Structures are given as structure tokens and as C-alpha cells.
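Structural characterization, general
Now for the letters of each chain:
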Number of protein chains: 2
Amino acid sequence: MAASATQAVRDLDAAVETQAQAVRKLKENGASKDEITAAVDELKKRKADLAAHKSEKAEEDKGSQKITPWDVQGAVVDGVQQGVDYNKLIDTFGCSPLPQSLIERFEQLTGRKAHMMLRRGMFYAHREFDKILDLYEKKKPFYLYTGRGPSSDALHMGHMVPFIFCQYLQEVFDVPIVIQMTDDEKFLFKDQSLVDSKRFMRENVKDIISVGFNPDKTFIFSNMEYIQYLYPNILEVNKKININQLNNTFGFDDTTIVGKVAFPPVQMVPCFSNTFPHIFGTKKDIPCLIPAAIDQDPYFRLTRNIAGGLKYKKCCTIYSKFFPALQGAGSKMSASVDTSAIFTCDTPKQIAKKVKKYAFSGGRETLEEHREKGGDCEVDVAYQYLTFFLDDDVELRTIHDRYSSGEMLTSEVKDKLIEVLVEFTQKLQARRATVTDAEIDLFCSVRPISYERK
Amino acid sequence: MAASATQAVRDLDAAVETQAQAVRKLKENGASKDEITAAVDELKKRKADLAAHKSEKAEEDKGSQKITPWDVQGAVVDGVQQGVDYNKLIDTFGCSPLPQSLIERFEQLTGRKAHMMLRRGMFYAHREFDKILDLYEKKKPFYLYTGRGPSSDALHMGHMVPFIFCQYLQEVFDVPIVIQMTDDEKFLFKDQSLVDSKRFMRENVKDIISVGFNPDKTFIFSNMEYIQYLYPNILEVNKKININQLNNTFGFDDTTIVGKVAFPPVQMVPCFSNTFPHIFGTKKDIPCLIPAAIDQDPYFRLTRNIAGGLKYKKCCTIYSKFFPALQGAGSKMSASVDTSAIFTCDTPKQIAKKVKKYAFSGGRETLEEHREKGGDCEVDVAYQYLTFFLDDDVELRTIHDRYSSGEMLTSEVKDKLIEVLVEFTQKLQARRATVTDAEIDLFCSVRPISYERK
């Protein structure tokens, strides 16, 4: 039901836009008054139709989940906060579920086992990921694009997910990656100064570098510092979209500050290869693959819609679910709430304490009941985190079965998670300690990067 | 009547904005439901009031003049196109007429005769020009700011007006001037490529330099090239204004392309001295004076409105009337209609031909009638042009009297104009021929410029 209303609004919105353009064209070309009147009447009819469907949809949407790049809220059913409905999200956004066949094709082509985040369904949706595999097969060039909004000194595990996956893809595909640091966005959307944005940016870059990106094929840029390169394509994009389209895509309205409305094009233009002349020269036709959390889809849906008009390639995407907060799927991980997440800078002691104290347990009330009924892996945060970070499928399966049967206790699953997270963070911290200002500057320097595939 | 409606809409709009902010604050601070409901009710009341006044004003505005930075249209009375009503414009925009007393004070303080464009009322309106004279008197620093949208290879006489006046002010005040070339604007508002924008920009800079700006105190910048310096203040401005404010100020709506809506802040930020760190370092408190045509006021009215919230100084302005087209005050000079204007690159022969053939005459139908009734200086384009370019007050007065009395013929006034324009353009062309790429690069280079006054 909601699905059809969503699609209807989307279609009607496009129909209104098409007709509005037709009216403009008629006026520009000095059409007769009758022609213009007829076209305007049709426009009015379409607008009324759109308004009716919008209010119908708004009625349906009451209490349903609301996901934008800045706000993730599950549905509320009978006053109870639900987790995110990921299948519904695919439908709302209009992207596709990632089929097993594509993962198998990925493994065949690359000769590499799919990353645990891929084979376990964390990355679960996409737009034309198959086209990227076609390019890979034909040894044609493409690049990866992802980003990070620097809003705190330290990254948490949720922030690391796209970077871990991107680093893996870069290694497997052997292609360049561009990483956008949206220091401007965080200033505009949060109560954060430009000075803080800049500091957070450099601190976050240290974490990102530590994930193991190839320095020869990785370009990290801050919007504040790279804006002169982004600006020509921002202008091109801004000439192709109107305020109405942004309002519909991102939920803005007339009371929204101009900064928020002007931001989306900044995140859209790295999808076009000529935004990076030092890498791709004047080439406009090198496609990109964007691994990101699914809430970022509105940017790329809109980018794909206008790419043709600019004679650019459509970006391809692969989307992940959200990494849950320690308190469970219904709550939100926040960089400003220390107890909601494990941070890359946490000590082993802090990790142990947070996991033991805050990680939502799928275990039973009493030991007796647990031994009898077993734990619930679906809601157990420790188990869920292990699915992101424990690569050994056999071991994970064993934990699943033993925990579900009640043989394994919550405390034992948590101990395993602590071990895995400590290993991950200790390794990252060791690498991070070696990252110098010069190394940051190198990754961020505007320099030639080879993109041809052999 | 229109005046009061205009002011009422402006006031009500501010009242709605204030109340909307109050509602936001209440929500943020977790106020009680009753408090929020009361505030929202008040907001609704104000919005209804605004809507009523807006429709009243729209009724009044039918057929009245419409002046925006992109569109200059005089009123239509009984189907006849009128010239611009400059006094009404002062009222619509809410700036002040420039009183004779201020011109006299300018002459006293500087010890210089006021420029003909000042003493003859071409520059006729302002916002706090008196504050700039106060600063001058106290030897406190300030700077000049003006701009140009490069939409053609050649500038016409109308384009030259602000530059001639600015060059004079720079010489008299001995202060820095920043000149913004809005290559981005012309791409967004016209069917003009970025490549053309860039070429026009450099060609236009040659003309501007040729006016005689002091290379030690003049910084010319293209938005495309200087955007990284503009961007921090664009973000600051964009966080302070919402879409509604831009719609009201510039007449945008939801069907306006994002590029147009995102442009005004780009023209606003050179009003703030820290936009030019190579000149003013981190100083935020050096005020600027903007000499410009009056249609640019919406930008600076809005800039002044938000300056306080950013802890910046309000910009001061001095506004000129429009330079008339050859065909007269009711028509529009256009860089793309060769016969509408005299261009800086015109040959003496072209100038003579255009003036003789196209300049609207205030003379009479027959020689006999002319000798009897005399010419009308108010509508005679040749005479009007002379008021801009013939510095000799006595000679101009003589022409005025002799033409008005019928003693002097249209052809004789035109001959005088041709002589003056040929002299002006020949001098400019001679200087322009010497402008090298290196000289353009120097004027456009990001370099320290002294602004302290001794």
C-alpha cells in the first residue's frame, strides 16, 4: 500500500516537472496564448493530482519509518519503537535487493571470497552493481567513492563499516577511491564551528588511513579545501535541479536554511569523474561505485536522474544496513553518546566494560530459562557485532548454534566479541599512531593517480 | 499606497520569521505542549496576515515596475511602457535618497570636486554612505566592492558607469577595491557555457583595468577561481538565511533552479572583510562601500540584515540609476543587441553611425518646429549620455540651454556626443591594447594589499 503511494508520488512529481518544463519551453518559444493556456491547465491538473496523492501518502506515513541522510527512525507500532524495516526501505527508495547470484558472480570474477559484510547480507541493496562487475570483467576503468561527515574526534564501529568494505573492494578491484570529508555539511547541519570541522576532519582521516587504503590509489579530500574543483560540476548540477526536486528528495521546505538546500549537490558531484581532473583529466565517462549506508541513497538516486542530461555516467551503488547501537537495533548509535558505541580509540578495558554493561542481550532472564530456551541471536547485540567483525564462518555458526540452544551464555558471547573488538582496535590504533601529518597531506594532496586497468 | 503595502509585507515577513524561530527554540528547549501550541497559533495568525497583505500588494503591483538584479521593467500605463520610476524604487527597496548635504560633505572632507555622476544625480541613493565619510574623516580603514557579470566579450557604456565611478572613488579615498567577476552567475542565469564565462571574464577584466584602477590596491577575482576563499563565508551566510527569505528578496519560487537560489550568497560575502584574508587577514570589522546600479540593492539589503548575527559590519552602498539604451529610457540596453549600445571596442565610425542612426532624439519633427519649441533634454539620449561623460559643467549647461531653446539642433548635440565618446573609447582602447596576460594575472593574483590609512 505504502509502496504504491510512494511510487505514485514519485511518478506524479516527475509528471509535474515535465509539464512545467513544457510550459517554460512554450513561453520561451513564443507559443500562442491558447497553447500556453492549455499547457498551464494540464500543469494545474497534474499539481492537484500530486497534492492529493501526497496527502494520502502523508496519512499512510504516520508512525511509519523515516529515513533521511540526517535522521534514522524506525516505525512506531502501538507506541513501541521498531527497528528499521530494510526491505521496505528498498521499496521506498526504489533501489534493488542484492541477489545471491551477483555475489557469486563477484567471487567468480575476482577469484576472491566475498567479504563477510557482503556474504552475510550487511551490504544488501544496490543500483547497478552488476554494471561494475561487467566493467571489471572487461578490464574497463571505474572508481570507488565514499565519504564521511566529520562530527567528532573519534570514529565508532558504525563509521568504520563502509571504510572496511571499501578498503576490501579497493584491494580486490585494484581501482582508485575518492573519499569525501563533508566538513561543510557538519557545520551546516549541526551546531559545529568551521574550526572544529577542520580538526575533526584531520583526526578522522587518521582513522580512515589506518584501515589500510592504498596510498597510490586513494584520494581523500575535504570539501572546504577542494571546493574549487567541485564547483564547476556543482554549477552544472545546480542548473539541472530545482528547489522542488530537493524538497521532495530530502524533505526540505521553505523554512530550511539555504545551506542545507545547497549541500546535496556537493555530495553529488564526486560521482562524476571530471570532478577529479588530476586523476581522470577531462574524462567524463568513468563510472563510480559507491559503497555507503542505505540512508545515503537519496543523493545518488537524484544524481542518477540528472546524469543523462549532463552527458555523464550514472553512478552505481551498493548499500549497507545500519550498524546497531550497543543498546540494540531500535536505538541510535551516536558519536556524542559514549556509551552507545565502541570507538576506535577505546582501550581494551573500556571495550570490555561497555560490552559487558551496555550491549543489549538476547539471553534469558535466568540461567535456568536460558539453558532451556536459548538466546536470541537476532536481537543480541554482541552476536550481531560478531557478524560484522568475526570473519570465520564456521566459528560464527558454532556460536550461533550454541547460543541459540542455550549451551553458550551471553557473557561468553560478549567475551568473544571483546576479544575480536580488542584485536581490531589495537591493530587500528597501532597503525594510527604511525600516521604523520605528512602522510595525511599525502593522501589529501591533489596529485595524479593511475586509473587504467591492465 | 504601494509604499505602505511594500513596507507592511516586509514587516510581516520579518514577524513571521521571528515567530518561526521562537517556535523552533521552544521545541528545541523541550517547552510544554501548551506553550508550543500557543506559539504555533500565533505563527499561523501572522502567516495568514502576511498572505493577505501579499495578495493585496500583488493586486497593487499589477502593471507596476518590476526591478530585480536580473530584470528591469518600467511600469506599463494604459499599455505604454514607462521609464523607471527611481523615487518609487528607493521606497520599494527601502534605501535612502542621497541628499545634497552628503555630497557637500564629501567635497569638504576630500577636498575634491564631486564626480559628475555624483553631482548630477546619477548616483542618487544610498545606505549609510555617511558612515563611510565618518570613517574617511577619522582615517579609519574601509574598502570598495563592486562587480561585473561577464556575459559578452565587450562592455558597453552602461557597464562602464560603476567602474568609472569606482576608479574615481579609489583615487579620492585611496583605499583598496575588490571587483567580483560573477562568471558562475552568468552560467546559471543565461544560456552560457563555463568556457565562455571564463573567456568573457578575462576580456572584461581588460576593459576594467583600462579604466585606470591602481594595481597596488585593486583585487579582481572570478568566482570560479576564488571560490575556496568565498566558501567559508558562503557557509556562514547560508546557515543564517532560509529559502523563504531568498524567495521574498529575489522573487524565486520552488520551480527555480538550485543554482539561482544558491547564487545570492556568493555575491553577498565580499561585503565581509575576512573573505579576503590576503588583504585583511582575519579582520572581520573593516566595512565596505558598494557603488552599484540600484537593481543590486536586494543583495545588500539582505546582507545588512544578517551581518549583525554573524558579528560582521553592515555594508554601505551608493546606487546609480540605469544608463539608458540608445533607443531611450523605456528600452533596455543589451550586450547582445549591437545597435542598443555603444561598446568600448566600437570604432569612431561605428560610434558616429550608431549615435546618428539610433540615439533617440528629443528634437522636433521639423526644423521650423524645433527652432520654435526647442528640444527636450529629458528624453534626448545624446544629451543624457553627455551628462554621464561630459565633465565640463559650463559647456553642458550651455548645450542644455541652447538645445532647449531650439538654437542647437539634434545633429549638433549628437556631434558633440560623438566627439566625447570617441575620445573616451579611443583612450580606453589605447590603454586596453597594452594590457597583457601578465597584467591580468597580477590584478587577479591573491596577494597582500595594504589597507591601513595614514
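Residues numbered from 1 in each chain as written. Chains lettered and ligands numbered in written order. Predicted model: local features only at pLDDT ≥ 70, side-chain atom pairs only at ≥ 80, totals over all residues. Heavy atoms only, no water.

**Some details on the overall build of chain A**
In terms of regular secondary structure, chain A is built from 21 helices and 11 strands. For a compact globule of 454 residues, the expected C-alpha radius of gyration is about 22 Å, and chain A comes in at 24 Å, within 12% of that figure. For chain A, the spread of C-alpha atoms along the principal axes amounts to about 85 × 55 × 45 Å. Counting only residues that meet the buried cut, chain A has 54% of its 454 residues in that class. Each charge class in chain A was averaged separately, 62 positive and 64 negative side chains, and the resulting centres sit 4 Å apart. (Helix = DSSP H or I, 4+ residues; strand = E, 2+ residues; numbered from the N terminus. Rg over C-alpha atoms; globule rule 2.2 N^0.38 Å. Buried < 20%, exposed > 50% of the residue type's maximum accessible area, 1.4 Å probe, protein only. Lys, Arg positive; Asp, Glu negative; His and termini not counted. Charge placed at Lys NZ, Arg CZ, Asp CG, Glu CD.)

**A closer look at the relation of the copies chain A and chain B**
Placing chain A over chain B gives an RMSD of 0.1 Å and needs a rotation angle of 180°, together with 0.1 Å of translation along the axis. Taken together, the rotation angle and the small translation identify this as a two-fold axis. Same-surface contact between copies: 100% of interface residues of chain A are shared with the interface of chain B. (Least-squares fit on C-alpha atoms with pLDDT ≥ 70 in both. Contact = heavy atoms within 4.5 Å.)

**Overview of the state of the cysteines**
Residue and element names in this part refer to chain B. What the rule picks out here adds up to zero disulfides over all chains. Among the cysteines around cysteine 166, which has no disulfide bond, cysteine 288 carries the closest sulfur, lying 11 Å off. Cysteine 315 takes part in no disulfide bond, and the closest cysteine sulfur to it belongs to cysteine 271, at a distance of 3.9 Å. The exposure class assigned to cysteine 315 is buried, which follows from its relative accessible area of 1%. (Disulfide = S-S within 2.5 Å.)

**A short note on the sheet that holds strand E9 (residues 218-222) of chain A**
All names here are of chain A. Pairing within the open sheet is mixed, and its seven strands lie in the order E5-E6-E11-E10-E7-E8-E9. On the outer flanks of this sheet lie strand E5 (96-97) and E9, each paired with one strand and no other. Two strands pair when backbone bridges link them, and strand E10 (residues 288-293) and strand E11 (residues 316-320) are joined in this way by five bridges, in the parallel orientation. Paired with leucine 289 across the bridge in E11 is cysteine 316. (Pairing = 2+ DSSP bridges.)

**Remarks on the interface of chain A and chain B**
Tallying the contact residues gives 34 residues for chain A and 34 residues for chain B. At the boundary of chain A with chain B, total buried surface from both sides reaches about 2900 Å², with 67% on carbon and sulfur atoms. Interface area lost by chain A to chain B is led by Tyr231, Lys239 and Val258 of chain A, which between them contribute 22%. At the surface where chain A touches chain B, the tally comes to zero salt bridges. Between chain A and chain B we count 18 residue pairs in polar contact (both at pLDDT 80 or more) in total. (Buried area = accessible area lost by both parts, 1.4 Å probe. Salt bridge = Lys/Arg side-chain N within 4 Å of Asp/Glu carboxyl O. Polar contact = N/O pair within 3.5 Å; in protein donor to acceptor, adjacent residues only side chain to side chain.)

**A look at the pattern of salt bridges**
All names here are of chain A. In total, this model carries 60 salt bridges over all chains according to the counting rule given. Residues aspartate 441 and arginine 202 are paired through a salt bridge, measuring 3.1 Å at the closest nitrogen-oxygen approach. Taken together, the residues span a long stretch of sequence, with aspartate 441 in helix H21 (residues 437-444) and arginine 202 in helix H9 (residues 194-210) at a distance of 239 residues. In this structure aspartate 441 comes out as partly exposed when scored by relative accessible area, which is 40%. According to the relative accessible area criterion, arginine 202 is partly exposed, its value standing at 24%. The network of salt bridges with common partners includes Lys113, Arg119, Arg120, Asp391 and Asp393.

**A closer look at the domain arrangement of chain A**
What the domain assignment reports for chain A is domain 1 (2-62), domain 2 (86-327) and domain 3 (338-432). Spacing between the C-alpha centres of domain 1 of chain A and domain 3 of chain A amounts to 52 Å. (Domains from an automatic or database assignment.)

**Re the side chain of threonine 256 of chain A**
Position of threonine 256 of chain A relative to the elements: it lies in the loop between helix H11 (243-250) and helix H12 (258-262). Relative accessible area serves as the criterion here: at 12%, threonine 256 of chain A is assigned to the buried category. Looking at threonine 256 of chain A, its side chain comes within polar contact range of the main-chain nitrogen of aspartate 253 of chain A, at 2.9 Å. Contacts of threonine 256 of chain A, omitting those with residues within four sequence positions, involve Val261 of chain A together with Asn242 and Ile243 of chain B.

**Brief notes about the packing of aromatic side chains**
A complete count under the given rule lists 70 aromatic pairs over all chains for this structure. Taking 5.5 Å as the distance between ring centres and 65° as the angle between the ring planes, the aromatic pair formed by phenylalanine 221 of chain A and phenylalanine 276 of chain A counts as edge-to-face. With phenylalanine 221 of chain A in strand E9 and phenylalanine 276 of chain A in the loop between helix H13 (264-268) and helix H14 (277-280), this residue pair connects regions lying 55 residues apart in the sequence. With respect to burial, phenylalanine 221 of chain A and phenylalanine 276 of chain A carry one shared label: buried. Taken together, a centroid distance of 6.2 Å and an interplanar angle of 85° make the contact between phenylalanine 263 of chain A and tyrosine 299 of chain A edge-to-face. On the criterion of sequence distance, the pair formed by phenylalanine 263 of chain A in the loop between H12 and H13 and tyrosine 299 of chain A in helix H15 (residues 297-307) is long-range, its members being 36 residues apart. What makes phenylalanine 263 of chain A buried here is its relative accessible area of 1%. Taking NZ or CZ as reference, lysine 239 of chain A lies 4.1 Å from the ring centre of phenylalanine 187 of chain B, over its face. (Phe/Tyr/Trp six-rings, centres within 6.5 Å; stacked < 30°, edge-to-face > 60°. Lys NZ or Arg CZ within 6 Å of the ring centre and 35° of its normal.)

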